[in-house]
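Structural description and commentary
Given next are the chains, with one letter for each unit.
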Amino acid sequence: MDQREGLIFRQLFESKSSTYTYLLADTNTRQAVLVDPVLDTVERDAKLIQDLDLELIIAVNTHCHADHITGTGLLKKKLPGCRSAISKDSGAIADIHLQEGDTLTFGKYSLQALSTPGHTDGCMTFVLNDKSMAFTGDALLIRGCGRTDFQQGCAKKLYKAVHEKIFTLPKECLVYPAHDYTGQTVSTVDEEHRLNPRLTKSLEEFVKIMNNLNLPKPAQIGTSHFLQYCSLPAQLNV
């Protein structure tokens, strides 16, 4: 819980998919942004926003998720005035299509969009305007990274994106991922640059590691919900 210099910050968790949702708001204007909302927790998130007397102006996804369904569409119905945002490279329909360098402004704060593909083509990292926080989606996890074996995955792209876009942020910048499966909540750019067991390797070693993970596909990838949100472009609507 962080209210320094007028910033409201909440890290929220959805246990079924081990997903983090992040609420950021300006205490003066009450404008808020929600990062990576999950369909299963829309009621919780909407209630929190209303309880805190906030105006949700943007619900943004770091990427189109294969392991859970975004709650953006339902949030827009529950909280009129909210707009959806996602990378234009995701292929998804949204109110705002983001490109490298675009900003999402809420009060005196803003999130800058950095294109960090490799897990998917449309992955983005969102960096707070003072570079104190980075919301890295599945590109960079705590001591890990998103898989690259399906859904436009490319290990080389991911390695380059993390090293060029995230590891060049200030060392003390806090890293907030979209998921964690070990009970950790936050890291730093410096920690991951030094300690991440995959991304401290050479590019060649990293590609070899990622090509030999042999992970099962996410449970929801074959469902109609996943196909609706993350497969055929004509059907995508967040």
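To be clear, the structure that these remarks concern was listed above.
These lines cover the structure that appears in this document, whether it is placed above or below. All values reported here derive from a predicted model rather than from experimental measurement.

Thresholds applied
- Residues numbered from 1 in each chain as written.
- Predicted model: local features only at pLDDT ≥ 70, side-chain atom pairs only at ≥ 80, totals over all residues.
- Heavy atoms only, no water.
- Salt bridge = Lys/Arg side-chain N within 4 Å of Asp/Glu carboxyl O.
- Helix = DSSP H or I, 4+ residues; strand = E, 2+ residues; numbered from the N terminus.
- Buried < 20%, exposed > 50% of the residue type's maximum accessible area, 1.4 Å probe, protein only.
- Pairing = 2+ DSSP bridges.

**A look at the pattern of salt bridges**
- Within this structure, the stated rule accounts for 12 salt bridges.
- Measuring nitrogen to oxygen at the nearest pair gives 2.9 Å for the salt bridge that ties K78 to E43. Placement of the pair is K78 in helix α2 (residues 72-78) and E43 in helix α1 (residues 42-51), with a sequence separation of 35 residues.
- The exposure class assigned to E43 is exposed, which follows from its relative accessible area of 53%.
- A salt bridge links K47 to D51; the shortest N-O distance between them is 2.8 Å. Taken together, the residues K47 and D51, both in helix α1 and four residues apart, mark about one turn of the helix.
- What makes D51 exposed here is its relative accessible area of 52%.

**Observations concerning the sheet that holds strand β8 (residues 109-115)**
- Spatially, six strands are ordered β7-β8-β9-β10-β11-β12 in an open sheet, and the strand pairing comes out mixed. Because the sheet does not close on itself, it has two edges, and the strands there are β7 (103-106) and β12 (187-188).
- Pairing geometry for strand β9 (residues 124-128) and strand β10 (residues 133-137), over two bridges, is antiparallel. Residue F126 lies in a different strand from β10, and its bridge partner there is F135.

Read these as layout, nothing more, since geometry by itself doesn't imply function.
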